[in-house]
Structure formats: structure tokens, C-alpha cells
Amino acid sequence: MKNIGLIIAGGSGNRMHQDIPKQFITVNERPVIVYTLEAFEKHPEIDAIAVVCIEGWIQVLWAYAKQFNITKLKHVVPGGKNGQDSIRNGVFVLEKHFDLEDIVLIHDAIRPIVSAEIISDNIRVARKFGNAIAVIPCAEAMIQTNDGLISSGSYPRDKLKRTQTPQAFHIGDICELHRKALKAGITNTVASCTLKIEMGEQVYFSAGSEKNIKLTTIEDIDIFKALLAAKRSDWLKG
């Protein structure tokens, strides 16, 4: 059974207010997506990598893969009109090249500091239960609202999980899920885990991390730089 990393880099990153997609922003002389690719490239259990890439940047991506020696990159697929569309494009291509029992780890290109431990646990849980969603506990008090201005109640945080990526599935299962969703008219759900739940199925949890941040705003880039600096400091001490 093979494990394939499917990196989703189809977004334009409007919230960054940058001229280029956020996954291609350079941080410390490396594009963000290269950090993400390197995490999967270096992981011994990852057999291949595919990327769903925003159109117009596909050749740039191949050039970066060559420059930074990402040898596991085998497929680059054009992105869709939204996240669900992009993921569907990616898994349908993988279905043509890999066994249906192989596992695909769907991961945001803009979560560049995903650890080997997170990837390993995602694979472990997916092999045991059939799917795996990286999650972390909800540490904040959760307040409900109807209008965005005042509270309408609260929700116990111990009943909540914050989802991250990777999210792992057998290729055959996730492709079938997307086909069922299309038939049901579900075309713009926010994540693979929510799509699975919307279709009446359960998901299982693997270990995420507070450090596995998603780069959505300029402030997130500052946090990413600080995490990189801390990582480098630990490496030098070691």
C-alpha cells in the first residue's frame, strides 16, 4: 500500500493582498510551497507527491521542484473554481495512476511547517480506520451568535476539535465520496472532512499541532518566520 501526498495549491490567496498566490510567496529565500513539498519529500513513508496548482503557475512549480530536488513529485493538476473542485481534480487523477487501496494525504500547500510526526500519525490512523483528519483540541471558550454582534449562547469546547491537514483517505473511497457529492449537488464544502460528514459518514482523528499553522494573513507569515527561526536555533543547539 502506497502513501501519496496531494498538496492543494489552487488558491489565489486574496486575504494576503499580495500580487502572487500566497503559496508562492518567498520566505527566507524559499517559496512557501517548497517548505511543504520538502516535508513530504523527506518523509520515508511518502512514496509520491502530486500537486493541484493554480493555473499559470504550473511551470513555475515544476521549476521549483527541479531547483529544490523534489524528486517524489509525479503529477501536477490544474486547480478548480473552489477547494472542493481542486481536491476532486487531484484525487481523480491519482485514481488513474495508483491502486484504490493506496492512501492519499490531502494537505494545504499553505501549511508549510507540517511535521514528520503529524504525517506519520495521519498514515497510521488512516490505515487502521480508513481515514484520518489531523486535529487539535479547542482551547478557547466558544460562544454562539446569530448576528455576529451579540452572544446567543455558548458551546462546550471539550466537544469540539479544530481540524487541520493532512486529511487521509483510501483513493477509492475519496473518489467515490466526490462522485456521490456531485450527484447530491454538494459542490462547495470547505474541507474533505466536512464533505465526508455532510455525506453521512464518520471521520477519525490523528494528531495535529498548534505549530501546523495555515498561512492566511500577513500576520501568519510573521509567525511562520518565528517558527522557522526557533527550528533553526534548535538545530544549531543539537
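Residues numbered from 1 in each chain as written. Predicted model: local features only at pLDDT ≥ 70, side-chain atom pairs only at ≥ 80, totals over all residues. Heavy atoms only, no water.

(A) Looking closely at the nonpolar core. I33, F40, I49 and V51 are the most contacted members of the largest nonpolar core, which has 33 residues in total. Those elements giving two or more residues to this core turn out to be β1 (3-9), α1 (32-41), β4 (48-53), α2 (58-67), β5 (73-78), β6 (103-108), α4 (116-129) and β7 (131-137). Not counting residues up to four positions away in its chain, the partners in contact with V51 are I7, A9, I33, L37, L61, L73, H75, V76 and V77. If you look at the next biggest cluster of nonpolar residues, it comprises 26 residues, including I8, A50, V135 and C193. (Core = buried A, V, L, I, M, F, W, Y, C linked by side-chain atoms within 4.5 Å. Buried < 20%, exposed > 50% of the residue type's maximum accessible area, 1.4 Å probe, protein only. Helix = DSSP H or I, 4+ residues; strand = E, 2+ residues; numbered from the N terminus. Contact = heavy atoms within 4.5 Å.)

(B) Here's a closer look at unusual backbone geometry. Cis rather than trans, the peptide bond between T165 and P166 has omega equal to 15°. Positive phi, normally seen in glycine, also occurs at E29, with a value near 70°. Of the residues examined, E29 reaches a relative accessible area of 74% and is grouped as exposed. The backbone of N69 sits at a positive phi, close to 60°, despite the residue not being glycine. Its location among the elements puts N69 in the loop between α2 and β5.

(C) Looking closely at the packing of aromatic side chains. All chains considered together, the criterion is met by five aromatic pairs. For the pair F24 and W57, a centre-to-centre distance of 4.6 Å together with 20° between the ring planes defines the contact as stacked. Of this pair, F24 sits in the loop between β1 and β2 (26-27) while W57 sits in the loop between β4 and α2; the two residues are 33 residues apart in sequence, bridging distant segments of the chain. One aromatic cluster is present, built from ring pairs that chain together F24, W57, Y64 and F68. Positioned above the aromatic ring of F92, the side-chain terminus of R179 is 4.7 Å from the ring centre. (Phe/Tyr/Trp six-rings, centres within 6.5 Å; stacked < 30°, edge-to-face > 60°. Lys NZ or Arg CZ within 6 Å of the ring centre and 35° of its normal.)

(D) Local environment of the pattern of salt bridges. The final tally for this structure, using the stated rule, is eight salt bridges. Across the salt bridge formed by R111 and D108, the nearest N and O atoms sit 3.1 Å from each other. Comparing R111 with D108 shows no difference in burial state: the two are buried. Between D121 and R124 there is a salt bridge, with its nearest N and O atoms 2.8 Å apart. Taken together, the positions of D121 and R124, both in helix α4 and three residues apart, correspond to about one turn of that helix. When its relative accessible area of 17% is taken as the criterion, D121 is described as buried. The exposure class assigned to R124 is partly exposed, which follows from its relative accessible area of 47%. (Salt bridge = Lys/Arg side-chain N within 4 Å of Asp/Glu carboxyl O.)

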